[in-house]
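Residue strings, one per chain:
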Amino acid sequence: MKTVLVLGAGAGGIVTARELSKHSGNEEDINLVKILVFEKRETSLFAPSLPWVMVGNRKNKEVTKNITNLQASGLEVIQGDIENIDPENISVTVKGKQYKGDHMVVSLGVEQADIYNLEQFGHNFFTLKGAENFHSELKDFNGGEIAILVSSLPFKSPAAPYESAMLIEDFIRNNKLANNTTVSLFTPETGPMEFASAEASAELKGLLEKKGIKYYPGHELTKVSANKLEFSNGKTYSYNLLAYTPKHQLPQVIRKSDLAGSSDWVAVNNQTLETKFKNVYAIGDITHLETKNGSVLPKIGVFARQQGEVVAHNISRKMSNQEPDQIFVPEGKYFIEAGEGKASESGGKFSGEENKEVKMKDPAQWSHFSKWWDEKFWFFKNF
């Protein structure tokens, strides 16, 4: 029996494991392929819903499921920290036990690290606890300066800070705090979603301005203290409530393996996602992928899902002694919450010249419903 090791049960890992089960010929009583999923956490978090958690529109139980509920024929979840990855021999070690496979898919996601001691002064809204703690302060907020800070580049879910800012502005207005509250967004980026087309970036910037959100691009953090942010351009700003993105880096277990590339991320084949090691793949936020024009592909969940599908399909073909016949094409859409029960659909082809085909539509209720449905269907389908 063939064994596939899937490292990480985030969006990409879950899609990979379930697609492998579907294509392998596994049935309830007959398993032709063993699929081992390794995950250190007890629960699986649907990260796109974190901005909703920040403003009280979601509770913990609505955006998490126990990882042991992940089910598919031939699938086994092994919980615990991965202590060692040996891509040469396609093996991993968890709690001192080594597991060996015929194929490996690494989908561990980024490691979140504190930078400038931000955790002492604000809330990391890329974690469930940080988003919940932010909301705890927001619901008792009496007015003042609210800052959303992008602390470093690159970071996953590049629309999340903008989405959060608009949802917070909506919350402030609905709670009659607009007259004495300012919402500001600080980022080292040159513009909103700078990987997208100039048109889409301008559209999002216009949305922020229309809502009265102060936007400060080109602001690279150098120091943070209680109620004050300092930037490399010499400017300082005060705040009363702070939400921030953490530093994103490769998980340590990958950094100490032979998978880490010169880019500080994992280098893969742009089309097959295979690493320099045969039958070892990497997908999602840990990868470094460049488009045809040389720009780096943003770390967006929709890509991790697509990559999982491609890799699972091709591994299944290999195990059936057939040639892999699918490639990853960076194309897709996602939804950016804009407040007032509306969202903007954004996306397109990310491989063209200057990503001119990446568009953004005006906020609409239908797009908000589409994002809501994506969350509900994700849990229904996978758990």
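Residues numbered from 1 in each chain as written. Predicted model: local features only at pLDDT ≥ 70, side-chain atom pairs only at ≥ 80, totals over all residues. Heavy atoms only, no water.

An unreviewed UniProt entry lists the protein chain under the name Sulfide:quinone oxidoreductase, with Salegentibacter holothuriorum as the source organism.

Undergrad: Please clarify how the domain arrangement of the protein chain should be interpreted in this entry.
TA: It is common to give the size of an interface as the accessible area lost on bringing the parts into contact. Annotation of the protein chain at the domain level lists domain 1 (2-40 + 80-110 + 250-329) and domain 2 (114-247). Opposite the six residues of domain 1 that make contact, domain 2 presents six residues. Between domain 1 and domain 2, a total of about 450 Å² is buried, with carbon and sulfur atoms accounting for 77% of that surface. Counting the surface domain 1 buries against domain 2, the share from its top three residues, Pro 298, Lys 299 and Ile 300, is 64%. Across the domain 1-domain 2 interface, the total number found is one residue pair in polar contact (both at pLDDT 80 or more). When the residues that make up the side of domain 1 that touches domain 2 are grouped by side-chain class, the tally is four nonpolar, no polar and two charged. (Domains from an automatic or database assignment. Contact = heavy atoms within 4.5 Å. Buried area = accessible area lost by both parts, 1.4 Å probe. Polar contact = N/O pair within 3.5 Å; in protein donor to acceptor, adjacent residues only side chain to side chain. Nonpolar A, V, L, I, M, F, W, Y, C, P; charged D, E, K, R; others polar.)

Undergrad: Just checking my understanding: could you explain helix H9 (residues 365-382) for this structure?
TA: An α-helix turns once every 3.6 residues. As a result, residues three or four positions apart point the same way. Over its 18 residues, H9 runs 26 Å from end to end, which matches the ideal 26 Å to within 8%, given 1.5 Å per residue. Along H9, the positions that sit buried rather than exposed are Ser 367, Ser 370, Lys 371, Glu 375, Trp 378, Phe 379 and Asn 382. Burial along H9 is one-sided: seen end-on, the buried residues are contained in an arc of 165°. Exposed and facing more than 90 degrees away from the buried side of H9 are Gln 365, Trp 366 and Phe 380. (Helix = DSSP H or I, 4+ residues; strand = E, 2+ residues; numbered from the N terminus. Expected span 1.5 Å × (residues − 1). Buried < 20%, exposed > 50% of the residue type's maximum accessible area, 1.4 Å probe, protein only. Arc of directions from axis to C-beta.)

Undergrad: Is there a simple way to explain the environment of Lys 359 in this structure?
TA: Residue placement: Lys 359 occurs in strand S25 (residues 359-360). Exposure remark for Lys 359: the relative accessible area of 39% places this residue in the partly exposed category. Considered as a pair, Lys 359 and Lys 333 are 26 residues apart in the sequence and their alpha carbons are 9.2 Å apart. The contact partners of Lys 359, leaving out residues within four places of it in the chain, are Glu 199, Ala 200, Glu 345, Ser 346 and Gly 347. Of note is the side chain of Lys 359, whose polar atom sits 3.2 Å from the side chain of Glu 199.

Undergrad: Which parts of the structure should I look at to understand the pattern of salt bridges?
TA: A side chain with one charge may pair with a side chain of the opposite charge, provided their charged atoms come close. Taken as a whole, this structure holds 16 salt bridges when the rule is applied. We note a salt bridge from Glu 274 to Lys 318, for which the minimum N-O separation is 3.7 Å. Of this pair, Glu 274 sits in the loop between strand S20 (266-267) and strand S21 (280-282) while Lys 318 is found in helix H8 (residues 301-319), placing the two residues 44 residues apart along the sequence. Overall, Glu 274 belongs to the partly exposed group, its relative accessible area being 21%. The partly exposed category is assigned to Lys 318, whose relative accessible area is 22%. In this structure, Lys 376 engages Glu 375 in a salt bridge whose closest nitrogen and oxygen atoms are separated by 3.1 Å. For Lys 376, a relative accessible area of 30% puts it in the partly exposed group. Through salt bridges that share partners, Arg 58, Glu 375 and Lys 376 make up one connected network. (Salt bridge = Lys/Arg side-chain N within 4 Å of Asp/Glu carboxyl O.)

Undergrad: Would you take a moment to explain the packing of helix H1 (residues 11-24) against H9 for this structure?
TA: Angle between the axes and distance between the axes are the two parameters that describe a pair of packed helices. Two elements in contact, H1 and H9, have axes separated by 12 Å at closest approach and are oriented at 40°. The pairing of H1 with H9 is recorded here as oblique in orientation. By crossing handedness, the relation of H1 to H9 is classed as left-handed. Residue-level contacts link Ala 11, Ile 14, Val 15 and Arg 18 of H1 to Trp 378, Lys 381 and Asn 382 of H9. Across the contact of H1 with H9, the residue classes break down as four nonpolar, one polar and two charged. (Axes fitted to C-alpha atoms, helices over the stretch in contact; angles between N-to-C directions. Parallel < 35°, antiparallel > 145°, perpendicular 65-115°, else oblique. Left-handed = near helix turned anticlockwise from the far one by under 90°.)

Undergrad: How do you make sense of unusual backbone geometry when you look at a structure like this?
TA: One can expect most non-glycine residues to show negative phi and most peptide bonds to be in trans. In this structure, Pro 154 follows Leu 153 across a cis peptide bond, with omega equal to -5°. As for its placement among the helices and strands, Pro 154 is situated in the loop between strand S12 (144-150) and helix H5 (160-174). Backbone geometry at Ser 157 places phi at a positive 45°, although glycine is not the residue there.

Undergrad: Got a minute to help me understand the packing of aromatic side chains in this structure?
TA: Aromatic ring pairs are defined here through the distance separating the ring centres and the angle between the ring planes. Within the structure shown, the criterion is met by 18 aromatic pairs. Plain terms: the ring middles of Phe 303 and Phe 328 are 6.0 Å apart, the flat faces sit at 80° to each other, and that makes the pair edge-to-face. Taken together, the residues span a long stretch of sequence, with Phe 303 in helix H8 and Phe 328 in the loop between H8 and strand S23 (331-339) at a distance of 25 residues. Owing to a relative accessible area of 2%, Phe 303 belongs among the buried residues under this scheme. Given the relative accessible area of 5%, Phe 328 is considered buried. Among the aromatic residues, ring-to-ring pairing joins Trp 366, Phe 369, Trp 372, Trp 373, Phe 377 and Phe 380 into one connected group. (Phe/Tyr/Trp six-rings, centres within 6.5 Å; stacked < 30°, edge-to-face > 60°.)

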